[in-house]
Protein chains: 4
Amino acid sequence: MIKVGIIGATAYTSLELIKILLNHPEVKITYLGIRKTDRPRISDIFPSLKTRLDLPCETIDQEEIPKDIDVAFITLPPTISMQYVPLFTQRGIKVIDFSADYRFRDTNLYEQWYKKQHTDSSGIETAVYGLPELYKEEIKKTNLIGNPGCYTTATILALAPLLAKGLIYSEDIIVDAKSGVSGRGREPKEGTHYCECNENIEAYSVGGHRHSPEIEHILSLKTDQKVSIQFVPHLIPMNRGILCTIYVKPKYRTTETSDSDVHKLYKDFYNGEPFIRIKEANETPKTKDVIYTNFCDIAAKVTENRIIILSAIDNLIKGASGQAVQNMNVMCRFDEKTGLL
Amino acid sequence: MIKVGIIGATAYTSLELIKILLNHPEVKITYLGIRKTDRPRISDIFPSLKTRLDLPCETIDQEEIPKDIDVAFITLPPTISMQYVPLFTQRGIKVIDFSADYRFRDTNLYEQWYKKQHTDSSGIETAVYGLPELYKEEIKKTNLIGNPGCYTTATILALAPLLAKGLIYSEDIIVDAKSGVSGRGREPKEGTHYCECNENIEAYSVGGHRHSPEIEHILSLKTDQKVSIQFVPHLIPMNRGILCTIYVKPKYRTTETSDSDVHKLYKDFYNGEPFIRIKEANETPKTKDVIYTNFCDIAAKVTENRIIILSAIDNLIKGASGQAVQNMNVMCRFDEKTGLL
Amino acid sequence: MIKVGIIGATAYTSLELIKILLNHPEVKITYLGIRKTDRPRISDIFPSLKTRLDLPCETIDQEEIPKDIDVAFITLPPTISMQYVPLFTQRGIKVIDFSADYRFRDTNLYEQWYKKQHTDSSGIETAVYGLPELYKEEIKKTNLIGNPGCYTTATILALAPLLAKGLIYSEDIIVDAKSGVSGRGREPKEGTHYCECNENIEAYSVGGHRHSPEIEHILSLKTDQKVSIQFVPHLIPMNRGILCTIYVKPKYRTTETSDSDVHKLYKDFYNGEPFIRIKEANETPKTKDVIYTNFCDIAAKVTENRIIILSAIDNLIKGASGQAVQNMNVMCRFDEKTGLL
Amino acid sequence: MIKVGIIGATAYTSLELIKILLNHPEVKITYLGIRKTDRPRISDIFPSLKTRLDLPCETIDQEEIPKDIDVAFITLPPTISMQYVPLFTQRGIKVIDFSADYRFRDTNLYEQWYKKQHTDSSGIETAVYGLPELYKEEIKKTNLIGNPGCYTTATILALAPLLAKGLIYSEDIIVDAKSGVSGRGREPKEGTHYCECNENIEAYSVGGHRHSPEIEHILSLKTDQKVSIQFVPHLIPMNRGILCTIYVKPKYRTTETSDSDVHKLYKDFYNGEPFIRIKEANETPKTKDVIYTNFCDIAAKVTENRIIILSAIDNLIKGASGQAVQNMNVMCRFDEKTGLL
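Residues numbered from 1 in each chain as written. Chains lettered and ligands numbered in written order. Predicted model: local features only at pLDDT ≥ 70, side-chain atom pairs only at ≥ 80, totals over all residues.

Would you mind showing me how to read the interface of chain A and chain B here?
How large an interface is tends to be reported as the accessible area lost when its parts come together. Taken together, the contact between chain A and chain B spans 13 residues of the former and 13 residues of the latter. Here the side of chain A that touches chain B is built from residues that sort into 5 nonpolar, 5 polar and 3 charged. (Contact = placed C-beta atoms within 7 Å. Nonpolar A, V, L, I, M, F, W, Y, C, P; charged D, E, K, R; others polar.)

What is the right way to read the domain arrangement of chain A from this model?
Residues and elements named next belong to chain A. Each assigned domain of chain A is listed with its residue range as follows: domain 1 (2-148 + 319-331) and domain 2 (151-315). With centres defined by C-alpha atoms, the gap from domain 1 to domain 2 works out at 25 Å. Counting residues at the interface gives 19 residues for domain 1 and 24 residues for domain 2. Here the side of domain 1 that touches domain 2 takes 5 residues from helix α11 (residues 317-331), the largest share from any one element. Among the residues making up the side of domain 1 that touches domain 2, the classes are represented as 11 nonpolar, 4 polar and 4 charged. (Domains from an automatic or database assignment. Helix = DSSP H or I, 4+ residues; strand = E, 2+ residues; numbered from the N terminus.)

Explain the sheet that holds strand β11 (residues 242-250) of chain A to me, please; I cannot follow it from the model alone.
Across a sheet, paired strands are connected by hydrogen bonds in the backbone, their directions being either parallel or antiparallel. Residues and elements named next belong to chain A. If you walk across this open sheet you meet the 7 strands as β9-β10-β8-β11-β14-β13-β12, and the pairing is mixed. For this open sheet the edge positions go to β9 (202-203) and β12 (276-278), each flanked by a neighbour on one side alone. Where helix α7 (residues 150-164) meets the sheet, its contacts fall on β8 (168-179), β10 (229-235), β11, β12, β13 (296-302) and β14 (307-313), and the angle it forms with β11 comes to roughly 30°. (Pairing = 2+ DSSP bridges. Axes fitted to C-alpha atoms, helices over the stretch in contact; angles between N-to-C directions.)

What's the story with the relation of the copies chain A and chain C in this structure? I'm lost.
Both copies of the chain are related by one operation, a rotation about an axis with a shift along it. Mapping chain A onto chain C is achieved by rotating through 180° and translating by 0.0 Å along the same axis, at an RMSD of 0.0 Å. Both copies of the chain, as the preceding transformation shows, are related through a two-fold rotation axis. Nearest to the rotation axis, the C-alpha of P237 of chain A is located 3.2 Å from it, this being the minimum over chain A. When the interface residues of chain A are mapped onto chain C, 100% of them are again interface residues, pointing to one common binding face. (Least-squares fit on C-alpha atoms with pLDDT ≥ 70 in both.)

Where do I start with the packing of helix α6 (residues 132-141) of chain C against helix α11 (residues 317-331) of chain C in this structure?
Helix packing for two helices is described by the angle between their axes and how far apart those axes are. Residue and element names in this part refer to chain C. Viewed as axis vectors pointing N to C, α6 and α11 meet at an angle of 40°, and their least axial separation amounts to 9 Å. In terms of orientation, α6 lies oblique with respect to α11. The way α6 lies across α11 gives a crossing that is right-handed. Here P132, K136, I139 and K140 of α6 lie close against α11, whose contacting residues are Q326, N327, V330 and M331. (Parallel < 35°, antiparallel > 145°, perpendicular 65-115°, else oblique. Left-handed = near helix turned anticlockwise from the far one by under 90°.)

Explain the sheet that holds strand β4 (residues 71-74) of chain B here, please?
All names here are of chain B. Within the open sheet, the 7 strands sit side by side as β3-β2-β1-β4-β5-β7-β6. Their pairing is parallel. At either margin of the open sheet sits one strand with a lone partner, and together these are β3 (58-59) and β6 (128-129). Sitting on the sheet, helix α3 (residues 81-89) is in contact with β1 (2-7), β4, β5 (94-97) and β7 (144-146), with an inclination near 160° to β5.

Even after reading the chapter, I still don't get the confidence of the model for chain A, so can you show me in this structure?
Atomic detail in the predicted coordinates should be set aside for any region of low pLDDT. Mean pLDDT over chain A: 96, with 99% of residues reaching 70 or higher. In the predicted complex, the global pTM is 0.97; the interface-specific ipTM is 0.96. (pLDDT = per-residue confidence, 0-100.)

Explain the relation of the copies chain A and chain B to me, please; I cannot follow it from the model alone.
When chain A is brought onto chain B, the operation consists of a screw motion whose angular component is 180° and whose axial shift is 0.0 Å, with 0.0 Å RMSD remaining. A shared binding surface is used by both copies, with 100% of the interface residues of chain A retained as interface residues in chain B.

Can you walk me through α11 of chain A in this structure?
In an α-helix, one full turn covers 3.6 residues, which means residues spaced three or four apart are oriented alike. Residue and element names in this part refer to chain A. Here α11 contains 15 residues, and its C-alpha end-to-end distance of 18 Å is more than 12% below the 21 Å for a straight helix at 1.5 Å per residue. Along α11, 15 of the 15 residues are buried, which leaves the element largely enclosed by surrounding structure. Among the residues trailing α11, R333 stands out with phi positive, at a value near 60°. (Expected span 1.5 Å × (residues − 1). Buried ≥ 20, exposed ≤ 12 C-beta atoms within 10 Å, placed from the backbone.)

Please explain unusual backbone geometry as it appears in this structure.
Glycine aside, negative phi is the norm for most residues, and most peptide bonds take the trans geometry. At R333 of chain A, a residue that is not glycine, the phi angle is positive and equals roughly 60°. You can see R333 of chain A is positioned in the segment after α11. R333 of chain A sits in the exposed class, given 8 other C-beta atoms within 10 Å. With a phi angle near 70°, T51 of chain D is a residue other than glycine that sits in the positive phi range. Checked against the element boundaries, T51 of chain D lands in the loop between α2 (42-45) and β3 (58-59).

Here is the structure:
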C-alpha cells in the first residue's frame, strides 16, 4: 500500500478523488491539506464521507510539508499550485497536479493566459501532460504530472485520431462544448446560484476561454502541425458531465471517407485503451452514460461537408480525479484500471 | 395611473413584482431604490427586463425619500425594513412591506424571533396582515400592509377553514412544507449553490423556523383559539413553488366527516375568492399548476385518523409579489384581479 | 372581440396559446378541438387552467367544422394538419398552422422530408411563412400562415441580417442548437422520460434534422442565395428554451469588421421590432431571460476567423404560440404586441 | 466465485444491481433474463454498460430456467414474480426477490393490497424479510429473501429503535415521504414525462399507498405491538433518493427525553451496522450524501410535542439493489460490505 496526500482537500474534485481512492486496493489516504487554518474533519465538509474517511484536514505549511507520503495530488488553483509542487518533487514525492501550472511546455504561453510569471520552470521541463491515452510511456517515467482540464480531455481525445492521421484541416475546427455546473467549482457566486443555472443554458467566455490554448498547444505538439480551434463553452443545468460537439473539415472528399472508415480509424487509434468507447454508427454519446465513470464515449459522423465528432466524459472523473488516479496507476505500475473499473 | 416605487429593487421578489406591474394597466413604476451606491439600470441586473424597464436604480436615502409616489413596495430584509417604512407612511404614501416587520400584532413575539427591538410600534398598530382572503375589509381601510411570507400564506390558507369552524384540534397540527430554491433569496451561499441543491432534498430549521410563530399568531388571532403547529420546511430542487402537506386531527369521528363535507366546507369558505381553487376529490395540487400565477390550489382528504390538507402556491407570486399587488388592488379599490389574471 | 378556435387543444403549445389568449383583450376562445372522441374539459387535461378556462373539448369532425370562429389555430402534427386546414380556409376563416405543412413554398422539398404527398397545393401557394420580423407585409394580406418551428425561428432570426447583407459565406454555416424537453412534445416515450433526460445532454438527428431544410429554404428565398447549414440539435435538461450557437465565416477580413459594426448591423436590421433584443458587447443571451416571453435575444461576437451568433427564445412562445399570436395580431390589424408584452 | 442471474434485467434496479455486481469480487453475472422475446445485449439497453457487460438477455422460459446459477435476483413486478420464484427455489437456487410477493407473512394482507391470490404460500412461509439490520440471523439461514421496498426501508430503519424501546405511541405516526422519479420505474407514462415532473412537486396516493401495510406489518411483527402509520408519498424532481420526515409522539414528557438521549438510543440500536449513519445534533440527512451508496442516514430531533425523525437513502441502492447485494453477502457468508463499501 502506498500513502497519498491531497493538497487542497475541499474542492469538488478532491471529494471525487477521495471516493475513488477509498476503493483503490493499493492506496491509503494519510494526509489532507487545506490552505485555511481551522482543522475540520473532511467528513464535516463532505458528510457523504462520514464513517468512510473522518480524517482531519491539516493546514498546509510551506515550511513543513508531509514527508511520509508517496504520491501528492495537488488540487489547488492555477498560479497557487506551483508554489507547492516543488516542495514535494524535491523530496522525491510523486506529484499529480490538477491546475494548469504544469500543462504547458512553454512558459510564455502559460504566462500570457494566466497573467503571472511561472516560478517553477524546472518543473515545467520534467512535467508530463497526464493524458494516458496519448502519453502513457512518458507518464511511466515521470514524477510530475500536469493533469489535463475537463474540456481539454474531452476535446483532445475526440480530435487526436483525425489530426494524427492528417485527415482534417487543423486550423478550421469548431468545438461547441457543454458542461455541468460542478465545472465552475464549489465557491458560491452568482454564476453557481441554483436559480441562475437551473432552467437555463448560456454560452460564456465566447471568443477566448483558457482551455483553448491548452488544447491547441497539446494537439499541435502531439500531431506536429499548427492546430487552431474555435472553442465556445456552455453551462448546462446538471451537476456533472461534459459533451463536446466538434465540427471539422475533411481534407479529402467525404464521399470517399465513410462513417465506417472513420469508425475504424477511431477503433484502431484507441485499441486496447480501457476507458475509451467508440460508439457504433447509430449511437451517440450521452453524458448520463459516462457520469460517475472514467469513460470517454466518442462518436464520429460524416456529413456532406464536415465530420462531426461527439465526445462525452464526467468532468470530475475522466476530466479530473479519475484521470489523476489513472495517471497514478501508470506512474506506480499498478494495473491502469485499478480503482476505476 | 398611480405611481409606485420599489424599495429593495434587486430581490427576486422585486423582479416578479416588476413583471406583474408592467402588465398592470393602472400603475406606472417611477422609482426603484437600492441600498448600494452605484446606480445600475434594473435591466442590467435582470436582463429579462431589457427594453421593458430600463430605469436606473436610486440609492435610497433616509433623508430624502421619493415623494411623488402613491404606493411603496418595500422588499428589504426584516429589521431593516422598519427603518424605512415610517418615512413613507408619514408622508401619506401607502406601504406594502414584504418583510416580517409588520406581520405581528405583538412586538414581544417579533422581538423574540427576530432578536431586535422593534422601532416602529405605531406602525405595528395600524398595519394589517395582507392576506386578502382573510382580511379584505381591513386592507381596504389601511395604509400599511405587512405582506405575508410564502410558507405562511400556503399554510394559513390551508388551515383557516377547518380552524374557523372549530373542527380540528388546534394544537395538534403538523405542517410538512416543501419549497423551491428561490425562497432562499438571491445571495450566493453554500445553501444556494447549484450542485448543493440539485439532485438533493433536505429538511432545515427542524424544530424552529421563523415562519411558525407567524402562522400560529395569525391563525390564533383570526380563529380565537390557541393554535400551535409543528412546522418542518424542506428545500426542493426547483426554482419556485411551495407545497404544504398538513396533517390535522378532527375533533369528530371522521366517519361522520366525509371528503365531500370537507370539500364543501372549503368551497363555501372561499366562495368568490378569485385566487383560491379547491381541488376535486380525485385531484391533488401540483406546484406546476400554480407557478407563475397568483393561485393557491388546495385539497383536503379525510383518512381514518386525520385530515390531510395539501396547498400549493408560487412562493414568489401568491407567496410574495402577486399577493402584494392583490393587496394594492384592494387598498386602491382596483378590481382585485387586475394585473394578476 | 374576435372568436378563435384551437384545433389540437391538448398539445403543450396549445396550453401556452390558451394562456396567452386568455390575457388578450381582443380575443375570446370559443372552440377547442381534439382528435379523440371523449369530451374532456381542457382544465381536466391542464389543471393550471382551472377556473380560467373550463371549456369542454370537441371531437373535430371533418364534416362539420366550427363555423362561427374568426381565427383557427391548428396545432396538429405535420401531414395531419393539411387534412384540416382547407376546411377552414375555404370558409373564410383565418388559419395559423403550427405544423410544417404550410412552411415550404416547394411541395417537393416538403415531400422529401415528410415522406407524404402534399394534399393542399393551393394552400401552399397562398400561405405565408409566419415570421413577422421578415414577412410582416405579406402576413397582413394573407389568410393562411405556416407558423415557423422553434429551432427555425431562433436560427433564421440570428442569420438573416448577415446573410441579407451578403457578409458571410452562405454555404459554410454551423448551427449548434440546444433545446429544452418540451420541444419533444407531450407524448410519453423513452426520450421524454424524466430519468433519461435529467442530468444528461445528448445530440440527436446528427446529420439530418427536419428543421435544416426549412431553415435553408426560407433563408435562401429571403436572401436570394443558396444557403446551406450544418444543423445539430441537442436535448437539454430543462422544460423550455432554445439556444442556438451559430458559427459563420465572414467574407471580409474580420479585422475590418468589428464587434460594434456587427452590433450596429443587427440593431439596424431589427430596428423597431418589439420582440428582438440585440445584446450589448459584454452580454450573452440566456434562455432564462426569454422563457415565458415572446422575445428573441441575439448577440454576435467577431473572432479571428468567425463570427459567432447566439440566439435564445422560448420554444413554446416565440418558437410557437407567442409567434402565432403575433401573427394573428398582424393579420387582424391589432397592435403587434397585444397580449404578448 | 459464485454465478448469479438477474430475472427482469431491464429495470432501473437491475442496472444498479449489475453495476454493483461488476465490482463484487466474489460474483460473476452469468445470466440475464427478460420477459420479451428479442435477445438484446444488456449494453444496448443500457449503453453505460458498454465494454463492461455485453451479455445478451435471454427470454425467460418457465419450462427451462437457468440451472447453473447460485443466486437469482428476481426484479419482476409484484404478482408476476411469484410465478417464477418457486422454479428457482425448488432447484436449490438462492433467491432474492425485489417484488412485494415475499414480503408479507400473511397472504391475506398481501391479497388485499395486490388484488391477486398468492400462488406460493410455501414460499411465503420460508421467506425472510431482507432488511439485514433487523433480520440478519434469519437471512443467514434462508434461501429466499423478500427484498424490502424503498419507502419501506427508509421508514422502518427510522422507526425501529423508538418502537422497539416502546417510547412512542405506535398508532400515531405520520410519515411524509419524498422520492426521486426513478422510484416510478422505467416505463414512459404521463407521470414520468420530464416536463410533468421537472419544476414540480406533488403528493400521490394520499390516503392509501401500498407501502403502508408493508411498513405496518413488519414493524408490528418486529416490535410486538400494533403499529399504524399515516403515509403520504411525494414525487420530487430528481433522479434518485428518498427522504422520509417522520413525526411521532413520545409516551413520556419530552423534557425528560433529550436530543442526546435519543441520539444515544439510535447509536446503540445500530451499533456495528456498517450502512447506518446516525447524524449528530446539528446535522440533517441529505439525499445527496447517500445517493450512489448503500447508506441510510438518520437523524432524530426532539421538539416540544413530537420527535421528528429524518431518514435518507438511495431508493435504487439501499432501497433496492444495494440491499439485495447486502442480503446476498449475508446469505453467502461474504463480508456484509463486499462490493458496497
